[in-house]
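Breakdown of the fold
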Amino acid sequence: MAQTCPLCRKPLPPGLDKLFDLGYRKYEKIAGAINRSRPGVRPETPWPALSDEQQHEMDQAVAMLREAADQGHMDAQAVCGDIYGNGRGVAKDDRLAFVYNEKAAQQGDREAQFNTGVRYRDGRGCDQSYERAAEWYQKAALQGHAGAQHALGFAYEHGEGVPQDSKTAVKWYTLAAEQGDATAQFSLGLIYRNGKGIPQNYETAVKWYTFAAEQGYTKAQYNLGLMYYNGEGVLTDFVYAHM
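Residues numbered from 1 in each chain as written. Predicted model: local features only at pLDDT ≥ 70, side-chain atom pairs only at ≥ 80, totals over all residues. Heavy atoms only, no water.

A word on the packing of aromatic side chains. Summed over all chains, the structure comprises 9 aromatic pairs. When the ring of Phe 98 is compared with that of Tyr 120, the centres are 5.2 Å apart and the planes differ by 90 degrees; the resulting orientation is edge-to-face. Here Phe 98 is found in helix H4 (residues 94-106), whereas its partner Tyr 120 is found in helix H5 (residues 110-122), with 22 residues between them in sequence. No difference in accessibility class separates Phe 98 from Tyr 120, as the two residues are buried. One aromatic cluster in this structure is built from Phe 20, Tyr 24, Tyr 27 and Trp 47. (Phe/Tyr/Trp six-rings, centres within 6.5 Å; stacked < 30°, edge-to-face > 60°. Helix = DSSP H or I, 4+ residues; strand = E, 2+ residues; numbered from the N terminus. Buried < 20%, exposed > 50% of the residue type's maximum accessible area, 1.4 Å probe, protein only.)

In total, this model carries 10 salt bridges according to the counting rule given. Put simply, Asp 94 and Arg 119 hold a salt bridge, and the shortest N to O gap is 3.3 Å. Taken together, the positions of Asp 94 in helix H4 and Arg 119 in helix H5 put the pair 25 residues apart, joining distant regions of the chain. Overall, Asp 94 belongs to the partly exposed group, its relative accessible area being 27%. Within this structure, Lys 26, Lys 29 and Glu 57 form a network of salt bridges that share partners. (Salt bridge = Lys/Arg side-chain N within 4 Å of Asp/Glu carboxyl O.)

What follows concerns helix H3 (residues 74-86). Over its 13 residues, H3 runs 19 Å from end to end, which matches the ideal 18 Å to within 8%, given 1.5 Å per residue. Residues of H3 that are buried include every one of Ala 76, Gln 77, Ala 78, Val 79, Cys 80, Gly 81, Ile 83, Tyr 84 and Gly 85, and no others. Buried residues along H3 sit in contact with helix H1 (16-37), helix H2 (52-70), H4 and H5. Positive backbone phi, approximately 65 degrees, marks Gly 87, located one or two places after H3. (Expected span 1.5 Å × (residues − 1). Contact = heavy atoms within 4.5 Å.)

This next bit is on the side chain of Asn 223. Here Asn 223 is to be found in helix H11 (residues 218-230). Filtering out sequence-adjacent residues up to four positions away, Asn 223 remains in contact with Phe 186, Leu 190 and Tyr 209.

Let's shift gears to the packing of H1 against H3. Where H1 meets H3, the closest approach of the two axes is 10 Å, and the angle between their N-to-C directions is 30 degrees. With respect to each other, H1 and H3 are oriented roughly parallel. Like other packed secondary-structure pairs, H1 and H3 cross with a definite hand, here left-handed. Touching Phe 20, Tyr 24 and Tyr 27 of H1 are Asp 75, Ala 76, Val 79, Asp 82 and Ile 83, all from H3. Residues belonging to the contact of H1 with H3 are distributed by class as follows: 6 nonpolar, no polar and 2 charged. (Axes fitted to C-alpha atoms, helices over the stretch in contact; angles between N-to-C directions. Parallel < 35°, antiparallel > 145°, perpendicular 65-115°, else oblique. Left-handed = near helix turned anticlockwise from the far one by under 90°. Nonpolar A, V, L, I, M, F, W, Y, C, P; charged D, E, K, R; others polar.)

Grouped together as the largest cluster of nonpolar side chains are 44 residues, with contacts concentrated most on Phe 114, Tyr 137, Leu 152, Leu 188 and Tyr 192. At the level of secondary structure, the elements contributing two or more residues to this core comprise H4, H5, helix H6 (130-141), helix H7 (146-158), helix H8 (166-177), helix H9 (182-194), helix H10 (202-214) and H11. Contacts of Tyr 137, omitting those with residues within four sequence positions, involve Phe 114, Gly 117, Val 118, Arg 121, Ala 148, Ala 151 and Leu 152. Counting 22 residues, the second largest nonpolar core, distinct from the first, contains Val 62, Ala 68, Ala 97 and Tyr 100. (Core = buried A, V, L, I, M, F, W, Y, C linked by side-chain atoms within 4.5 Å.)

This is how it looks when you write it as structure tokens:
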């Protein structure tokens, strides 16, 4: 854990790391118990009601995490953004989620930068702004965040907050797709299939649709089936088209 502010390099108040660790361990204990109690459920699914004991422990965790966050601890700010954004053991609060995410984003946390971009895009907890969304996507994308790379590519493809530029969209989609991001792989397949702003290339579309389809991405599976049915970039195969 960093002992100085990444922006001003001033020492953080003493004890913040310990305060964060204590609060985070309590939070993770409750989160782990909930996830184990519902196998197969995605972790971001809203939590069920907590027991009185769990709620008491969660209240302690949040108090510690907010204390650390309010004194400038980046990781605590990011966790508080997640807690309030998803309503985990607290009332869901988009404004607080935005404030804490943006604070962590300003200190360089790439996940918080991406989340801040998403919130600006959707106007959740802040005034809607595609321009601000794209700025935060780019900060996270430059740190290698695949979700932000895809989101930035989408912004360039559709001209949301940035000038429309299909070639730049493909650049960012490709960086995300090469990390295994199925949504970016699908987006590449789509843009190459349609030849939107770039030369149409059925073979490349098939390649990226296949990567996404193999990860279970339903839309890619459907589009890939159509390409096999129509013989676009592959030999016509009616059997494979209906698999």
